[in-house]
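# Survey of secondary and tertiary structure
These are the residues of each chain, in order.
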Amino acid sequence: MSGPLDRFVVVPASYVFLLRDGVAGTEVLLQLRQNTGYMDDHWAAAAAGHVEKGETAYDAARREALEEIDVTDLDLSFVTAMQRTRGGEPIDERIDFFFTARSWAGEPRIVEPHKCADLRWCALDELPVPVVPHERSVLEALRAGTTTAYSTFGFTPA
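Residues numbered from 1 in each chain as written. Predicted model: local features only at pLDDT ≥ 70, side-chain atom pairs only at ≥ 80, totals over all residues. Heavy atoms only, no water.

### With respect to the overall build of the protein
Regarding its fold elements, the protein presents 2 helices and 8 strands. If you list the helices and strands of the protein from N to C, you get β-β-β-β-α-β-β-β-α-β. Here the C-alpha atoms of the protein give a radius of gyration of 16 Å, agreeing with the 15 Å that 2.2 N^0.38 yields for 158 residues. Projected onto its principal axes, the C-alpha positions of the protein cover 60 × 30 × 30 Å. The buried share among the 158 residues of the protein stands at 42%. Accessible surface for the protein amounts to roughly 8,900 Å². Of this, 52% is attributable to carbon and sulfur atoms. The average position of the 15 basic charges and that of the 25 acidic charges among the side chains of the protein differ by 2 Å. (Helix = DSSP H or I, 4+ residues; strand = E, 2+ residues; numbered from the N terminus. Rg over C-alpha atoms; globule rule 2.2 N^0.38 Å. Buried < 20%, exposed > 50% of the residue type's maximum accessible area, 1.4 Å probe, protein only. Areas by Shrake-Rupley, 256 points an atom, 1.4 Å probe, with all protein chains shown as cover. Lys, Arg positive; Asp, Glu negative; His and termini not counted. Charge placed at Lys NZ, Arg CZ, Asp CG, Glu CD.)

### Describing the packing of aromatic side chains
On inspection of all chains with the given rule, the structure shows 5 aromatic pairs. Taking 6.1 Å as the distance between ring centres and 20° as the angle between the ring planes, the aromatic pair formed by Trp104 and Trp121 counts as stacked. Placement of the pair is Trp104 in the loop between strand E6 (94-101) and strand E7 (116-123) and Trp121 in strand E7, with a sequence separation of 17 residues. Assessed through its relative accessible area of 23%, Trp104 is described here as partly exposed. Here a set of aromatic residues connected by ring pairs shows up, and it is made of Tyr15, Phe17 and Phe98. (Phe/Tyr/Trp six-rings, centres within 6.5 Å; stacked < 30°, edge-to-face > 60°.)

Written out as structure tokens, the structure is:
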């Protein structure tokens, strides 16, 4: 019999991919991470972060978009809930909520230059290298039109 300390724990996060129509097809706004201690020098969602206590994943997405790229009034569309693991400590057990937005108020800009080295519109067909691996899998599914409501990353196939 397991006790309360043996329960499965996950860390929730929300991600926002701003999308627009570009000359060569759909483009996504990505940031180049720096000085965060996680996936630095990788391209990632322009806005993302942990869901805080008492906050919905939608609320977290909107808050992160304001805090990281100074946009509001996002018309969020849910893409997928991704359960992922690195097979280690509880901090490695994650549930990520991915959203897209094709409309918002404000001009995206870098609000946290100590964490973000660049902000760039990138064609979904020509993503920069490297992109955070689990985010790349969602972006590739968006490009291919194969997203599912639930997805996984990092698990060994059964």
